[in-house]
Amino acid sequence: MSEMENKRRGSIRSEESDNNKTVEDWLPITSSRNAKWYYSSFHNVTAMVGAGVLSLPYAMSQMGWYWGGTVLIISWVVTLYTLWQMVEMHEMVPGKRFDRYHELGQEAFGEKLGLYIVVPQQLTVEVGVNILYMVTGGKSLKKIYDTACPDCKPLKTTYFIMIFGSVHFFLSHCPNFNSISFVSFLAAVTSLSYSTIGWGASVHKGISPNVDYSARSTTTVGRVFGAFHALGEVAFAYAGHNVVLEIQATMPSTPENPCKKPMWKGVIVAYFIVAICYFPVAFVGYATFGNSVEDNILISLSKPAWLIIMANAFVVIHVIGSYQIFAMGVFDMVESYLVKARKFTPSKMLRLIVRTTYVAITLFLGMTFPFFGGLLGFFGGFAFAPTTYFICIIIGILLMILAPIGALRQIILQAKHYKFYS
(Lines give C-alpha, C1' and ligand atoms only; values in the text may rest on other atoms or scores of the structure.)
Protein backbone atom coordinates (compact mmCIF):
# COMPACT_ATOMS: atom_id res chain seq x y z
CA MET A 1 0.00 0.00 0.00
CA SER A 2 2.79 2.41 0.92
CA GLU A 3 4.60 1.56 -2.34
CA MET A 4 1.48 2.44 -4.34
CA GLU A 5 1.09 5.68 -2.37
CA ASN A 6 4.70 6.64 -3.05
CA LYS A 7 4.20 6.01 -6.77
CA ARG A 8 1.05 8.12 -6.75
CA ARG A 9 2.81 10.99 -5.00
CA GLY A 10 5.73 10.69 -7.35
CA SER A 11 3.35 10.84 -10.30
CA ILE A 12 1.70 13.97 -8.89
CA ARG A 13 5.07 15.66 -8.37
CA SER A 14 6.13 14.74 -11.89
CA GLU A 15 2.89 16.14 -13.30
CA GLU A 16 3.30 19.38 -11.33
CA SER A 17 6.88 19.66 -12.55
CA ASP A 18 5.76 19.19 -16.16
CA ASN A 19 3.03 21.81 -15.72
CA ASN A 20 5.50 24.29 -14.24
CA LYS A 21 7.89 23.69 -17.13
CA THR A 22 5.06 24.25 -19.61
CA VAL A 23 4.17 27.55 -17.92
CA GLU A 24 7.82 28.69 -17.77
CA ASP A 25 8.23 27.85 -21.44
CA TRP A 26 5.23 30.09 -22.18
CA LEU A 27 6.11 33.08 -19.99
CA PRO A 28 8.03 35.90 -21.76
CA ILE A 29 11.09 35.94 -19.50
CA THR A 30 11.91 32.21 -19.53
CA SER A 31 10.49 31.02 -22.86
CA SER A 32 13.75 31.56 -24.75
CA ARG A 33 17.29 31.08 -23.39
CA ASN A 34 19.47 31.42 -26.47
CA ALA A 35 20.58 35.06 -26.12
CA LYS A 36 24.19 36.02 -26.91
CA TRP A 37 26.42 38.32 -24.85
CA TYR A 38 25.77 41.27 -27.12
CA TYR A 39 22.02 40.93 -26.47
CA SER A 40 22.91 41.93 -22.92
CA SER A 41 24.68 45.04 -24.23
CA PHE A 42 21.89 46.54 -26.25
CA HIS A 43 19.12 45.42 -23.88
CA ASN A 44 20.95 47.17 -21.01
CA VAL A 45 21.69 50.26 -23.08
CA THR A 46 18.06 50.41 -24.18
CA ALA A 47 16.83 50.01 -20.59
CA MET A 48 19.22 52.58 -19.15
CA VAL A 49 19.98 55.26 -21.75
CA GLY A 50 16.55 56.72 -22.26
CA ALA A 51 14.63 59.89 -21.61
CA GLY A 52 16.71 60.48 -18.50
CA VAL A 53 19.86 61.47 -20.40
CA LEU A 54 18.01 64.44 -21.93
CA SER A 55 17.30 65.85 -18.47
CA LEU A 56 20.86 65.67 -17.14
CA PRO A 57 21.79 69.27 -18.09
CA TYR A 58 18.64 70.39 -16.23
CA ALA A 59 19.70 68.32 -13.20
CA MET A 60 23.13 69.93 -13.38
CA SER A 61 21.47 73.36 -13.34
CA GLN A 62 19.72 72.42 -10.07
CA MET A 63 22.96 71.33 -8.38
CA GLY A 64 25.75 73.32 -10.06
CA TRP A 65 29.08 72.22 -11.48
CA TYR A 66 30.64 70.69 -8.37
CA TRP A 67 27.73 68.79 -6.85
CA GLY A 68 26.18 67.95 -10.19
CA GLY A 69 29.41 66.45 -11.55
CA THR A 70 30.07 64.60 -8.29
CA VAL A 71 26.59 63.06 -8.20
CA LEU A 72 26.83 61.95 -11.86
CA ILE A 73 30.20 60.24 -11.37
CA ILE A 74 29.26 58.58 -8.07
CA SER A 75 26.01 57.33 -9.59
CA TRP A 76 27.90 55.79 -12.51
CA VAL A 77 30.27 53.94 -10.16
CA VAL A 78 27.60 52.84 -7.67
CA THR A 79 25.20 51.54 -10.31
CA LEU A 80 27.97 49.63 -12.10
CA TYR A 81 28.92 48.01 -8.78
CA THR A 82 25.28 47.20 -8.09
CA LEU A 83 24.91 45.68 -11.52
CA TRP A 84 27.96 43.47 -10.95
CA GLN A 85 26.44 42.25 -7.69
CA MET A 86 23.17 41.36 -9.39
CA VAL A 87 24.90 39.51 -12.23
CA GLU A 88 26.82 37.47 -9.67
CA MET A 89 23.70 36.72 -7.60
CA HIS A 90 21.74 35.38 -10.57
CA GLU A 91 23.10 31.87 -9.88
CA MET A 92 24.47 32.21 -6.37
CA VAL A 93 22.52 29.09 -5.30
CA PRO A 94 23.91 26.02 -7.13
CA GLY A 95 21.42 24.54 -9.57
CA LYS A 96 19.01 27.47 -9.30
CA ARG A 97 18.54 30.63 -11.37
CA PHE A 98 16.92 33.81 -10.08
CA ASP A 99 15.27 34.80 -13.34
CA ARG A 100 13.17 37.60 -11.90
CA TYR A 101 13.90 40.42 -9.51
CA HIS A 102 11.25 39.35 -7.01
CA GLU A 103 12.71 35.82 -6.89
CA LEU A 104 15.96 37.31 -5.58
CA GLY A 105 13.94 39.29 -3.05
CA GLN A 106 12.22 36.11 -1.90
CA GLU A 107 15.58 34.40 -1.44
CA ALA A 108 16.78 37.31 0.69
CA PHE A 109 13.65 38.06 2.75
CA GLY A 110 11.46 35.00 2.54
CA GLU A 111 8.66 33.79 0.30
CA LYS A 112 6.02 36.37 1.28
CA LEU A 113 8.03 39.30 2.64
CA GLY A 114 10.28 39.26 -0.43
CA LEU A 115 7.25 39.73 -2.66
CA TYR A 116 5.84 42.53 -0.48
CA ILE A 117 9.15 44.41 -0.53
CA VAL A 118 10.14 44.01 -4.18
CA VAL A 119 7.00 43.68 -6.32
CA PRO A 120 5.35 47.04 -5.44
CA GLN A 121 8.60 48.92 -6.06
CA GLN A 122 9.40 47.07 -9.27
CA LEU A 123 5.90 47.57 -10.64
CA THR A 124 5.97 51.25 -9.69
CA VAL A 125 9.22 51.68 -11.59
CA GLU A 126 8.26 49.69 -14.69
CA VAL A 127 4.74 51.08 -15.01
CA GLY A 128 5.96 54.59 -14.19
CA VAL A 129 8.69 54.41 -16.82
CA ASN A 130 6.19 53.21 -19.42
CA ILE A 131 3.86 56.12 -18.64
CA LEU A 132 6.80 58.51 -18.91
CA TYR A 133 7.85 57.03 -22.25
CA MET A 134 4.35 57.58 -23.58
CA VAL A 135 4.80 61.26 -22.70
CA THR A 136 8.35 61.44 -24.07
CA GLY A 137 7.42 59.77 -27.35
CA GLY A 138 4.42 62.05 -27.83
CA LYS A 139 6.35 65.24 -27.03
CA SER A 140 9.14 64.24 -29.41
CA LEU A 141 6.63 63.64 -32.20
CA LYS A 142 5.11 67.06 -31.49
CA LYS A 143 8.57 68.66 -31.61
CA ILE A 144 9.12 67.06 -35.04
CA TYR A 145 5.77 68.42 -36.26
CA ASP A 146 6.35 71.92 -34.89
CA THR A 147 9.89 72.12 -36.24
CA ALA A 148 9.10 70.71 -39.68
CA CYS A 149 6.02 72.88 -40.16
CA PRO A 150 6.14 76.00 -37.97
CA ASP A 151 3.27 77.63 -39.90
CA CYS A 152 0.94 74.62 -39.65
CA LYS A 153 -2.04 74.51 -37.33
CA PRO A 154 -0.87 73.72 -33.76
CA LEU A 155 -1.97 70.30 -32.52
CA LYS A 156 -2.42 69.13 -28.94
CA THR A 157 0.31 67.04 -27.31
CA THR A 158 -2.41 64.53 -26.48
CA TYR A 159 -2.82 63.63 -30.15
CA PHE A 160 0.87 62.85 -30.53
CA ILE A 161 0.89 60.71 -27.39
CA MET A 162 -2.00 58.74 -28.90
CA ILE A 163 -0.05 58.26 -32.14
CA PHE A 164 2.99 57.04 -30.23
CA GLY A 165 0.91 54.74 -28.02
CA SER A 166 -0.81 53.12 -30.98
CA VAL A 167 2.50 51.51 -32.03
CA HIS A 168 2.60 49.52 -28.80
CA PHE A 169 -0.78 47.93 -29.37
CA PHE A 170 1.06 45.90 -32.02
CA LEU A 171 4.61 45.59 -30.67
CA SER A 172 3.47 44.48 -27.23
CA HIS A 173 2.35 41.14 -28.64
CA CYS A 174 5.91 40.00 -29.33
CA PRO A 175 6.09 36.90 -27.11
CA ASN A 176 9.41 37.33 -25.25
CA PHE A 177 12.63 39.30 -24.79
CA ASN A 178 14.52 37.70 -27.64
CA SER A 179 11.67 38.44 -30.06
CA ILE A 180 12.22 42.18 -29.53
CA SER A 181 16.00 42.00 -29.90
CA PHE A 182 16.02 43.88 -33.22
CA VAL A 183 13.80 46.64 -31.80
CA SER A 184 16.09 46.85 -28.76
CA PHE A 185 19.16 47.02 -31.02
CA LEU A 186 17.66 49.93 -32.99
CA ALA A 187 16.79 51.63 -29.71
CA ALA A 188 20.37 51.26 -28.43
CA VAL A 189 21.83 52.69 -31.65
CA THR A 190 19.43 55.64 -31.68
CA SER A 191 20.11 56.40 -28.00
CA LEU A 192 23.77 56.90 -28.84
CA SER A 193 22.74 58.94 -31.89
CA TYR A 194 20.45 61.44 -30.18
CA SER A 195 22.81 61.79 -27.23
CA THR A 196 25.59 62.71 -29.65
CA ILE A 197 23.29 65.16 -31.43
CA GLY A 198 22.32 66.67 -28.06
CA TRP A 199 25.87 67.58 -27.04
CA GLY A 200 27.16 68.03 -30.60
CA ALA A 201 24.50 70.60 -31.45
CA SER A 202 25.22 72.35 -28.15
CA VAL A 203 28.91 72.62 -29.07
CA HIS A 204 27.95 73.95 -32.50
CA LYS A 205 25.62 76.54 -30.95
CA GLY A 206 28.26 77.73 -28.53
CA ILE A 207 27.85 79.12 -25.03
CA SER A 208 24.79 81.36 -24.82
CA PRO A 209 25.33 85.10 -24.31
CA ASN A 210 24.98 86.09 -20.65
CA VAL A 211 24.92 82.42 -19.61
CA ASP A 212 24.26 82.09 -15.88
CA TYR A 213 25.48 79.13 -13.79
CA SER A 214 23.95 80.25 -10.52
CA ALA A 215 21.16 78.25 -8.87
CA ARG A 216 17.86 78.17 -10.76
CA SER A 217 15.90 79.16 -7.67
CA THR A 218 16.43 82.39 -5.77
CA THR A 219 15.13 80.99 -2.46
CA THR A 220 16.75 78.52 -0.09
CA VAL A 221 13.64 76.32 -0.08
CA GLY A 222 13.55 76.31 -3.87
CA ARG A 223 17.22 75.33 -4.10
CA VAL A 224 16.81 72.49 -1.59
CA PHE A 225 13.74 71.04 -3.28
CA GLY A 226 15.39 71.58 -6.66
CA ALA A 227 18.38 69.53 -5.52
CA PHE A 228 16.06 66.73 -4.34
CA HIS A 229 14.34 66.78 -7.71
CA ALA A 230 17.70 66.66 -9.51
CA LEU A 231 18.74 63.61 -7.50
CA GLY A 232 15.62 61.86 -8.77
CA GLU A 233 16.40 62.79 -12.36
CA VAL A 234 19.94 61.43 -12.08
CA ALA A 235 18.62 58.29 -10.42
CA PHE A 236 16.13 57.84 -13.23
CA ALA A 237 18.88 58.26 -15.82
CA TYR A 238 20.78 55.35 -14.29
CA ALA A 239 17.72 53.23 -13.59
CA GLY A 240 17.76 50.15 -15.79
CA HIS A 241 18.60 47.54 -13.21
CA ASN A 242 14.99 46.58 -12.62
CA VAL A 243 15.13 44.28 -15.64
CA VAL A 244 18.75 43.06 -15.37
CA LEU A 245 17.93 39.62 -13.94
CA GLU A 246 15.19 39.21 -16.53
CA ILE A 247 17.70 40.03 -19.30
CA GLN A 248 20.20 37.55 -17.86
CA ALA A 249 17.46 34.92 -17.71
CA THR A 250 17.38 34.82 -21.52
CA MET A 251 20.96 33.46 -21.66
CA PRO A 252 21.92 29.75 -21.67
CA SER A 253 23.88 28.56 -18.64
CA THR A 254 25.80 25.44 -17.58
CA PRO A 255 28.06 24.74 -14.57
CA GLU A 256 31.06 24.96 -16.92
CA ASN A 257 29.89 28.15 -18.63
CA PRO A 258 27.61 30.12 -16.29
CA CYS A 259 25.62 32.93 -17.87
CA LYS A 260 27.28 35.54 -15.63
CA LYS A 261 30.35 35.52 -17.90
CA PRO A 262 28.66 36.65 -21.15
CA MET A 263 26.26 38.84 -19.17
CA TRP A 264 29.09 40.76 -17.52
CA LYS A 265 30.88 41.13 -20.85
CA GLY A 266 27.74 42.72 -22.26
CA VAL A 267 27.35 44.96 -19.18
CA ILE A 268 30.88 46.37 -19.55
CA VAL A 269 30.18 47.33 -23.17
CA ALA A 270 26.82 48.82 -22.14
CA TYR A 271 28.36 50.93 -19.37
CA PHE A 272 31.02 52.28 -21.70
CA ILE A 273 28.21 53.44 -24.00
CA VAL A 274 26.36 54.90 -21.01
CA ALA A 275 29.43 56.98 -20.11
CA ILE A 276 29.91 58.39 -23.62
CA CYS A 277 26.21 59.28 -23.72
CA TYR A 278 25.72 60.76 -20.26
CA PHE A 279 28.76 62.86 -19.41
CA PRO A 280 29.06 64.87 -22.66
CA VAL A 281 25.31 65.61 -22.70
CA ALA A 282 25.27 66.69 -19.05
CA PHE A 283 28.40 68.84 -19.06
CA VAL A 284 28.19 70.33 -22.55
CA GLY A 285 24.45 70.99 -22.32
CA TYR A 286 24.83 72.77 -18.98
CA ALA A 287 27.86 74.71 -20.18
CA THR A 288 25.91 75.95 -23.21
CA PHE A 289 22.64 77.02 -21.57
CA GLY A 290 23.40 77.35 -17.86
CA ASN A 291 20.38 77.63 -15.58
CA SER A 292 18.06 78.46 -18.49
CA VAL A 293 18.26 74.94 -19.93
CA GLU A 294 14.92 73.15 -20.38
CA ASP A 295 14.15 69.83 -18.68
CA ASN A 296 14.70 68.20 -22.09
CA ILE A 297 17.91 69.46 -23.76
CA LEU A 298 16.44 68.94 -27.25
CA ILE A 299 13.72 71.50 -26.46
CA SER A 300 16.42 74.09 -25.74
CA LEU A 301 17.95 73.41 -29.14
CA SER A 302 15.99 74.81 -32.09
CA LYS A 303 18.56 75.03 -34.92
CA PRO A 304 19.37 73.60 -37.37
CA ALA A 305 15.84 72.34 -37.88
CA TRP A 306 16.78 69.16 -39.76
CA LEU A 307 19.12 68.08 -36.97
CA ILE A 308 16.51 68.65 -34.27
CA ILE A 309 13.96 66.68 -36.31
CA MET A 310 16.45 63.83 -36.66
CA ALA A 311 17.30 63.84 -32.95
CA ASN A 312 13.65 63.71 -31.93
CA ALA A 313 13.00 60.91 -34.43
CA PHE A 314 15.83 58.96 -32.78
CA VAL A 315 14.23 59.62 -29.38
CA VAL A 316 10.93 58.22 -30.63
CA ILE A 317 12.59 55.04 -31.92
CA HIS A 318 14.53 54.65 -28.70
CA VAL A 319 11.60 55.02 -26.32
CA ILE A 320 9.60 52.55 -28.43
CA GLY A 321 12.27 49.96 -27.63
CA SER A 322 12.63 51.06 -24.01
CA TYR A 323 8.89 50.82 -23.45
CA GLN A 324 8.96 47.22 -24.62
CA ILE A 325 11.94 46.30 -22.42
CA PHE A 326 10.23 47.55 -19.25
CA ALA A 327 6.78 46.32 -20.28
CA MET A 328 8.08 42.78 -20.78
CA GLY A 329 8.74 42.50 -17.04
CA VAL A 330 5.18 43.66 -16.28
CA PHE A 331 3.74 41.22 -18.82
CA ASP A 332 5.68 38.37 -17.25
CA MET A 333 4.53 39.28 -13.76
CA VAL A 334 0.84 39.65 -14.65
CA GLU A 335 0.69 36.61 -16.92
CA SER A 336 2.54 34.51 -14.34
CA TYR A 337 0.06 35.53 -11.64
CA LEU A 338 -2.97 34.78 -13.80
CA VAL A 339 -1.69 31.36 -14.91
CA LYS A 340 -0.08 30.16 -11.67
CA ALA A 341 -2.29 31.73 -8.99
CA ARG A 342 -5.61 32.21 -10.80
CA LYS A 343 -5.28 29.03 -12.92
CA PHE A 344 -5.96 30.68 -16.28
CA THR A 345 -4.95 28.61 -19.28
CA PRO A 346 -1.86 29.94 -21.10
CA SER A 347 -3.20 31.18 -24.43
CA LYS A 348 -2.85 33.84 -27.09
CA MET A 349 -6.21 35.30 -26.04
CA LEU A 350 -5.05 35.77 -22.44
CA ARG A 351 -1.90 37.47 -23.68
CA LEU A 352 -3.90 39.67 -26.07
CA ILE A 353 -6.22 40.88 -23.30
CA VAL A 354 -3.46 41.48 -20.72
CA ARG A 355 -1.12 43.38 -23.02
CA THR A 356 -3.75 45.43 -24.82
CA THR A 357 -5.24 46.49 -21.49
CA TYR A 358 -1.83 47.45 -20.11
CA VAL A 359 -0.91 49.58 -23.13
CA ALA A 360 -4.30 51.31 -22.96
CA ILE A 361 -3.85 52.13 -19.25
CA THR A 362 -0.34 53.59 -19.67
CA LEU A 363 -1.50 55.54 -22.73
CA PHE A 364 -4.43 57.04 -20.82
CA LEU A 365 -2.26 58.01 -17.84
CA GLY A 366 0.41 59.48 -20.13
CA MET A 367 -2.17 61.68 -21.85
CA THR A 368 -3.63 62.75 -18.51
CA PHE A 369 -0.38 63.59 -16.67
CA PRO A 370 2.28 64.69 -19.19
CA PHE A 371 4.63 66.36 -16.68
CA PHE A 372 7.97 65.32 -18.18
CA GLY A 373 10.48 66.77 -15.73
CA GLY A 374 8.45 66.10 -12.62
CA LEU A 375 7.74 62.52 -13.63
CA LEU A 376 11.45 61.91 -14.22
CA GLY A 377 12.35 62.95 -10.71
CA PHE A 378 9.38 61.27 -9.05
CA PHE A 379 9.87 57.84 -10.62
CA GLY A 380 13.64 58.24 -10.45
CA GLY A 381 13.43 58.23 -6.67
CA PHE A 382 11.50 54.99 -6.72
CA ALA A 383 13.66 53.55 -9.49
CA PHE A 384 16.95 53.77 -7.63
CA ALA A 385 15.77 52.27 -4.36
CA PRO A 386 14.80 48.74 -5.46
CA THR A 387 17.92 48.33 -7.59
CA THR A 388 20.36 49.27 -4.80
CA TYR A 389 18.22 48.65 -1.73
CA PHE A 390 19.92 45.39 -0.73
CA ILE A 391 23.43 46.67 -1.44
CA CYS A 392 23.61 50.44 -0.95
CA ILE A 393 20.77 50.69 1.52
CA ILE A 394 21.49 54.20 2.88
CA ILE A 395 21.75 55.79 -0.58
CA GLY A 396 18.70 53.90 -1.78
CA ILE A 397 16.47 54.94 1.12
CA LEU A 398 17.57 58.59 1.01
CA LEU A 399 16.85 58.81 -2.70
CA MET A 400 13.54 57.00 -2.32
CA ILE A 401 12.42 59.60 0.25
CA LEU A 402 14.01 62.86 -0.93
CA ALA A 403 13.74 62.66 -4.72
CA PRO A 404 9.95 62.16 -4.91
CA ILE A 405 9.47 65.06 -2.47
CA GLY A 406 11.39 67.45 -4.71
CA ALA A 407 9.74 66.05 -7.83
CA LEU A 408 6.24 66.34 -6.35
CA ARG A 409 6.87 70.04 -5.73
CA GLN A 410 7.98 70.41 -9.36
CA ILE A 411 4.85 68.62 -10.60
CA ILE A 412 2.66 70.93 -8.49
CA LEU A 413 4.40 74.01 -9.93
CA GLN A 414 3.98 72.72 -13.49
CA ALA A 415 0.37 71.71 -12.91
CA LYS A 416 -0.64 75.25 -11.98
CA HIS A 417 -0.63 76.23 -15.66
CA TYR A 418 -1.71 72.88 -17.12
CA LYS A 419 -5.02 72.10 -18.77
CA PHE A 420 -6.04 68.47 -19.13
CA TYR A 421 -5.52 66.99 -22.63
CA SER A 422 -4.11 70.26 -23.95
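What counts, and at which threshold
- Residues numbered from 1 in each chain as written.
- Predicted model: local features only at pLDDT ≥ 70, side-chain atom pairs only at ≥ 80, totals over all residues.
- Heavy atoms only, no water.
- Helix = DSSP H or I, 4+ residues; strand = E, 2+ residues; numbered from the N terminus.
- Buried < 20%, exposed > 50% of the residue type's maximum accessible area, 1.4 Å probe, protein only.
- Contact = heavy atoms within 4.5 Å.
- Axes fitted to C-alpha atoms, helices over the stretch in contact; angles between N-to-C directions.
- Parallel < 35°, antiparallel > 145°, perpendicular 65-115°, else oblique.
- Left-handed = near helix turned anticlockwise from the far one by under 90°.
- Nonpolar A, V, L, I, M, F, W, Y, C, P; charged D, E, K, R; others polar.

Quick look at the side chain of Ser40
Here comes step 1: As for its placement among the helices and strands, Ser40 is situated in helix H2 (residues 37-48).
Here comes step 2: Residue classification places Ser40 among the buried residues on the basis of a relative accessible area of 0%.
Here comes step 3: When near neighbours in sequence (up to four residues on either side) are disregarded, Ser40 contacts Ile247, Met251, Met263, Gly266 and Val267.

Some points on unusual backbone geometry
Here comes step 1: Here Asn210, not a glycine, exhibits a phi torsion of approximately 60 degrees, which is positive.
Here comes step 2: Positive phi outside glycine occurs at Lys343, with the angle close to 65 degrees.
Here comes step 3: Along the polypeptide, Lys343 turns up in the loop between helix H13 (305-341) and helix H14 (348-368).
Here comes step 4: Look at Lys343 and you get exposed, because its relative accessible area is 66%.

Thoughts on the packing of H13 against H14
Here comes step 1: Look at H13 against H14: their axes get within 10 Å of each other, and the N-to-C directions meet at 130 degrees. One finds that H13 runs oblique with respect to H14. Here H13 runs over H14; the crossing is right-handed. Residue-level contacts link Tyr323, Ala327, Met328, Val330, Phe331, Val334, Glu335, Leu338 and Val339 of H13 to Leu350, Arg351, Val354, Arg355, Tyr358, Val359 and Thr362 of H14.
Here comes step 2: Tallied by class, residues from the contact of H13 with H14 come to 12 nonpolar, one polar and three charged.

Details of the environment of Leu231
Here comes step 1: For Leu231, the location among the structural elements is in helix H9 (residues 220-237).
Here comes step 2: A residue is classified by how much of its surface remains accessible, and Leu231, at 25% relative accessible area, is partly exposed.
Here comes step 3: A sequence separation of 160 residues divides Leu231 from Val71, and the C-alpha atoms of the two residues are 7.9 Å apart.

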